[in-house]
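Chain by chain, the residues:
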Amino acid sequence: MEYFEVKGEKIPKLGFGTYKIAPADTKQAVKQALKLGYRLIDTAQYYRNEAQVGEAVRESDVKREDIFITTKAMTDGYEATKLGIEDSLQKAGLSYFDLMIIHWPMEDSLGTYRAMAEAYHEGKLHHIGLSNFNINQTKEIMANSDVKPLLDQIETHLNLQQGKMHEFLTREGIIHESYSPLMEDAPAILKHPVLQKIGKKYGKTGVQVMLRFLTQEDIMVIPRSVNPKHMQENFEIFDFTLTPAEVAEIKELDKRQPIDGWPATMRVDE
């Protein structure tokens, strides 16, 4: 495993995503992920599976302090977010979240962030951050709070590599986190000759090459699967290193193309 180091704390570059995992299936999937070695779990109020993530963590043999749990606020404004934080903690059965992020920009994102910053100072949230925020929106948050966002979770994959946003986040000391790193379960691009060639060289699948490319670029990834074989495959990406030439080849695949259906307001590479 590779890590980001933030003020002496190690935060995994690879986590386990729970988006679109039904609440009834979430606990078993998270328990399996923890058993395989995952130590970062991503959930959200919107996913309605915070309770099952909490159950899995409590029933795991892994110590709570060794697990980094992210959730996302879908509330808008200070008062609603204060209530939402307490509700999420109660549902998950946890005394704190390692990270809470604003799921997407809304009318009163500054109020939402202020409530999260208060919870941060109270120790209920160990870090706070953003999701789907573009450069100007991120700057506005930073200009109005004494708590810097830990990360910005944005759509990032081989077809949308977010180069401009990555440069900005890196410059500001904010982690770039990818959601949908496999483009909703990796479509036809897996057959691309570049991925086929590189995968063959290292004895890896196209999926593993995709995830390794992102983590080598210092982008956090949270692939999702309920298939134990795929979960294991996604985890085994740190035993090889792409050469600079291979990284350059993969960068050439960038089409600056979001996944169909994502709202234009959440396309943050401009």
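As a reminder, the structure under discussion sits directly above these lines.
Nothing here was measured: the structure is a model prediction, and the numbers come from that model.

Participant: It is not clear to me how the pairing of strand E6 (residues 99-102) should be interpreted in this structure. Could you clarify?
Facilitator: Each regular strand shows side chains that alternate between the opposite faces of the sheet. Alternating positions in E6 separate into two faces, Leu99 and Ile101 on one and Met100 and Ile102 on the other, with burial throughout. Bridge analysis of strand E5 (residues 68-73) against E6 gives 4 bridges, and the strand direction is parallel. Bridge pairing in E6 links Thr71 to Met100. Crossover handedness for the path E5 to helix H3 (residues 78-92) to E6: right-handed. Pairing geometry for E6 and strand E7 (residues 128-131), over 3 bridges, is parallel. Bridge pairing links Met100 to Ile128 in E7. For the segment spanning E6, helix H4 (residues 109-121) and E7, crossover handedness is right-handed.

Participant: Is there a simple way to explain helix H8 (residues 206-216) in this structure?
Facilitator: With 10 of its 11 residues buried, H8 lies for the most part within the structure. Inspection of H8 places Gly206, Val207, Gln208, Val209, Met210, Leu211, Arg212, Phe213, Leu214 and Thr215 among the buried residues, and these make up the whole buried set. Those residues of H8 hidden inside the fold are in contact with strand E9 (175-179), helix H7 (193-202), strand E10 (219-221), helix H9 (228-235) and helix H10 (244-251). Two residues or fewer after H8 comes Asp218, characterised by a positive phi angle close to 65°.

Rules behind the numbers
Residues numbered from 1 in each chain as written. Predicted model: local features only at pLDDT ≥ 70, side-chain atom pairs only at ≥ 80, totals over all residues. Heavy atoms only, no water. Buried < 20%, exposed > 50% of the residue type's maximum accessible area, 1.4 Å probe, protein only. Helix = DSSP H or I, 4+ residues; strand = E, 2+ residues; numbered from the N terminus. Pairing = 2+ DSSP bridges. Right-handed = clockwise from strand over helix to strand, strands pointing away. Contact = heavy atoms within 4.5 Å.

On their own, these measurements won't tell you what the molecule is for.
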